[in-house]
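If you want the building blocks of each chain, they are given just below.
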Amino acid sequence: MSALQKLFGRDTRFFDLLESGAAAAKQSASTLAALLPDLTGNPGSDVISELAQARRKHKRITQQTTEELCKNFVTPLEREDIEALSTALYKISKNVEKIGERLVISPKGSDLNVVLRQVTMLERAAEVVVGMVDQLRAKSHGEQIRDTYEKLQSIEGDADKLMTELLRQLYHGDCDARAVVFWKDLYELLEKGIDRCRDAGYVVFHVALKYS
């Protein structure tokens, strides 16, 4: 690619980095989903190491994006949008790691399959984000991005309803106070993870509006 093409923002490196960041966020969520069945009754530190490794890999992508922004004057998207999306994607991986940290300190005998539906929703939301970020490369696909964003909002709405259901069961059950604190914290972290996906999706949606 010529220096002139790079100057006028035709370099695809930023799209490559953003797509890599979205894929890293999705990988974190998928890793959590894959490890969950093995954690019930036998929480271990392996989940932390795998999720931490995934988060560190994502952090390197985020740092590389920041470095490229510092080195390139003209970018294919507005600089603040690239930075906002890169940061929003990284927060997904960071939040997933926090979820893993809570899982390994679960009270003895906890059935972690209780949160399986939330974890599945988180993975689905991350997958939708990957699709939205991939669509950014073709700026003419604004309508498609808006349609995909509606799917993300639907997942978030379902997650909110599920959160209410889980809290109702928790508060009306016979768990001791320590267990209530643990489960409430875990439920909220998982809901926050889905909210992080929504936040990343909103940035993509916002960019799509600019180019529509």
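Residues numbered from 1 in each chain as written. Predicted model: local features only at pLDDT ≥ 70, side-chain atom pairs only at ≥ 80, totals over all residues. Heavy atoms only, no water.

Q: Which parts of the structure should I look at to understand the packing of helix H4 (residues 79–103) against helix H7 (residues 177–211)?
A: Between two packed helices, what matters for the description is the angle formed by their axes and the separation of those axes. Where H4 contacts H7, the two axes come as close as 9 Å, and the packing angle between them is 165°. On the basis of their axis angle, the class for H4 and H7 is roughly antiparallel. Viewed along their axes, H4 and H7 form a crossing whose handedness is left-handed. Residues belonging to the contact of H4 with H7 are distributed by class as follows: 16 nonpolar, three polar and eight charged. (Axes fitted to C-alpha atoms, helices over the stretch in contact; angles between N-to-C directions. Helix = DSSP H or I, 4+ residues; strand = E, 2+ residues; numbered from the N terminus. Parallel < 35°, antiparallel > 145°, perpendicular 65-115°, else oblique. Left-handed = near helix turned anticlockwise from the far one by under 90°. Nonpolar A, V, L, I, M, F, W, Y, C, P; charged D, E, K, R; others polar.)

Q: I'm lost on the pattern of salt bridges in this one. Help?
A: If you walk through the whole model with that rule in mind, you get 15 salt bridges. For the salt bridge of aspartate 16 with arginine 137, the shortest nitrogen-to-oxygen distance reads 2.6 Å. Note that aspartate 16 is positioned in helix H2 (residues 13–39) and arginine 137 in the loop between helix H5 (116–135) and helix H6 (142–171), a separation of 121 residues in sequence. Judged by relative accessible area, which is 35%, aspartate 16 ranks as partly exposed. Looking at arginine 137, the relative accessible area reads 33%, which means it is partly exposed. Put simply, arginine 198 and aspartate 195 hold a salt bridge, and the shortest N to O gap is 3.8 Å. Taken together, the residues span about one helical turn, with arginine 198 and aspartate 195 both in helix H7 at a distance of three residues. (Salt bridge = Lys/Arg side-chain N within 4 Å of Asp/Glu carboxyl O. Buried < 20%, exposed > 50% of the residue type's maximum accessible area, 1.4 Å probe, protein only.)

Q: I would appreciate a short explanation of the nonpolar core in the present structure.
A: The tendency in soluble globular proteins is for nonpolar side chains to be buried side by side. Grouped together as the largest cluster of nonpolar side chains are 60 residues, with contacts concentrated most on Leu85, Leu122 and Trp183. Contributing elements (two or more residues each) for this core: H2, helix H3 (46–71), H4, H5, H6 and H7. Tallying contributions element by element places H7 first for this core, with 16 residues. When sequence neighbours within four positions are dropped, the list of residues in contact with leucine 85 reads Leu18, Val133, Leu136, Ala200, Val203 and Val204. (Core = buried A, V, L, I, M, F, W, Y, C linked by side-chain atoms within 4.5 Å. Contact = heavy atoms within 4.5 Å.)

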